[in-house]
Amino acid sequence: MTGTTEVLDGPAAVDAARSVTRPFYIYAVLSNSMFQRGVFVIFLYRQGFSAGQVALLQTLLFLVSGLAELPTGIIADRIGRRASIVIGQVLVAGCLLGQVATSDYWLFLALFIGQGVGMACVSGSDTALLYDLLVRRGATSGYVRIRSRFTMLGTVTSGIAIVLGGQLQQFSWGIVYAASASCLVVAVLVLLARVPEIRGADEVDKQDGAGKEHVDTTAWRAMLRVATPALVTLVVVSGLMHATLTPYIIFTQKTLSDQGASTALVSVVVSAGFFIGGLTPLLSDRADRRVGYRIIAPLSLLALAAALGLTGLGLVWVTIAAFLLLVGIPEITAVLVDNVFNEAVPSRHRASLLSMIAFVESVLIGIGYLVLGALMGGLGSGAGMAVYAAVPLLACLLWLPVLIRGTRVTTGSEQTAGPNEP
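Scope of this entry: the structure provided in the associated data block. As the structure is a computational prediction, the values presented were derived from the model and not from experiment.

1. Points about the packing of aromatic side chains
Enumeration over the complete set of coordinates arrives at ten aromatic pairs. Measuring from centroid to centroid gives 5.1 Å for Phe43 and Trp173, while their planes differ by 50°, and the two rings are tilted. Of this pair, Phe43 sits in helix H2 (residues 40-46) while Trp173 sits in helix H9 (residues 173-194), and the two are 130 residues apart along the sequence. As far as the burial class goes, Phe43 and Trp173 line up, both buried. On the numbers, 6.4 Å between centres and 70° between planes, the contact of Tyr105 with Trp106 is edge-to-face. Given a relative accessible area of 12%, Tyr105 falls into the buried group. On the basis of relative accessible area, Trp106 is assigned to the exposed category, the value being 66%. Ring-pair connections join several aromatic residues into one group, and the members of that group are Phe43, Phe49, Tyr105, Trp106, Phe108, Phe112, Trp173 and Tyr177.

2. Some words on the environment of Asn339
In this structure, Asn339 sits in helix H17 (residues 329-344). Between the C-alpha atoms of Asn339 and Tyr143, which are 196 residues apart in sequence, the distance is 7.0 Å. If we skip the residues at most four places from it in the chain, Asn339 touches Tyr131, Tyr143 and Val144.

3. What to know about the nonpolar core
The biggest cluster of nonpolar side chains holds 53 residues, and the ones touching the most others in it are Leu234, Tyr248, Leu256, Phe341, Met385 and Trp399. Listing elements by their share of this core, those giving two or more residues are helix H12 (229-258), helix H13 (263-279), helix H15 (293-311), helix H16 (316-326), H17, helix H18 (350-379), helix H19 (381-388) and helix H20 (390-405). Ranked by the residues each element gives to this core, the list is headed by H12, at twelve residues.

What counts and what doesn't
- For every chain, the first residue of its written sequence is number 1, and the numbers climb from 1 along that sequence.
- Where totals are concerned, whole chains, interfaces and linings use all residues; where local detail is concerned, this predicted model gives features only for residues with pLDDT of at least 70, and gives and counts side-chain atom pairs only at 80 or more.
- Each side-chain value is worked out from all heavy atoms of the structure, with water and hydrogens disregarded.
- Here a Phe, Tyr or Trp ring, Trp counted by its six-membered ring, pairs with any other such ring whose centre lies within 6.5 Å, and the pair is stacked when the planes are under 30 degrees apart, edge-to-face when over 60, and tilted otherwise.
- Think of it this way: any DSSP run of H or I at least four residues long counts as a helix, any run of E at least two long counts as a strand, and we number them from the N terminus.
- Here the term buried applies to any residue with accessible area under 20% of the maximum for its type, exposed to any over 50%, and partly exposed to those in between, with areas from a 1.4 Å probe on protein chains only.
- Only heavy atoms enter the contact rule, under which two residues are in contact if any of them lie within 4.5 Å.
- Here, the term nonpolar core denotes a set of buried Ala, Val, Leu, Ile, Met, Phe, Trp, Tyr and Cys residues that are joined through side-chain atoms within 4.5 Å.

Here's what the structure looks like:
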């Protein structure tokens, strides 16, 4: 962290951080109570849509969300991070209610576009708001631990919501979607009641920018100032990691099925992997102190490469073991890298720059889906997974010069970690 904001220590840091994080933890639970997430594909099919139409809806949602990252990030810095989150979550809630109220495919296309824009409004703004509020209170030394708990609560809640959504569906699809929308609205109310607003040109920005000769007036100029080769490399490496992990988790369902696993077993394995991915970020703070992101990043990539390679053996229990043992490690890296990104970018344009990073990751994830899908279609699910292991290995090679030279990623002064952060 840069600037003149006083960094608190001891009990004062604990109290300051708790006052910031409590409403965010509640928000993490409510905003991830998306009961339709595990059954929405079934819902779309029951609406009478074909496989091609469902695929188009998903592709559209993904593309719109990625393309909207840049403008929504800039807007969040102008009107406020909390305001952007509120707009995004209300928009998503409205689109969910619209989906359960219509069966017209063209309306679904419009609703999925709106949902993608809403997701982009939230992306980058939530972590930027959390980080800047910690800056204001001088409690950023505990961000890794706080961010890991925030991630854990969201992921575990998602897993529970998926299970509950399947049960609620037995009563009505309307209940499933209305419950999800209601939780988003309550999450918004928590933010409005308990979390103050922060804009780019806020008191935090004045503190961060105190004494600087140059003040960046646009996000693009800010990006050029902080975009060191090491930081750009980290963005690409992180994007390739997500472009491996996300398709791997999704396509493991098909791979296990092709290897003879029953549908019930596949659901149990994927659910278990989901919970593991939610709990392992709790180890992020310890990993950061003992190892650091420079070492954890290549270890995560090698773990992904090993998981993909073992999947290629075609042995169902080996695939299951590799999935459950290795799927959580990249989640630790994701938390540590998020902390580095927040430290590297200025407050004035934090949401904008984080959205730019999210856009790069979204593009790489989209390409990853296409590449892995093509490999599995042409070579078979197991062999395609094994060949795709080249992607995390490539990311390792890209990171190797930064690791060997010990190049600095952030341009500002490193923050000294403080003890006993919650």
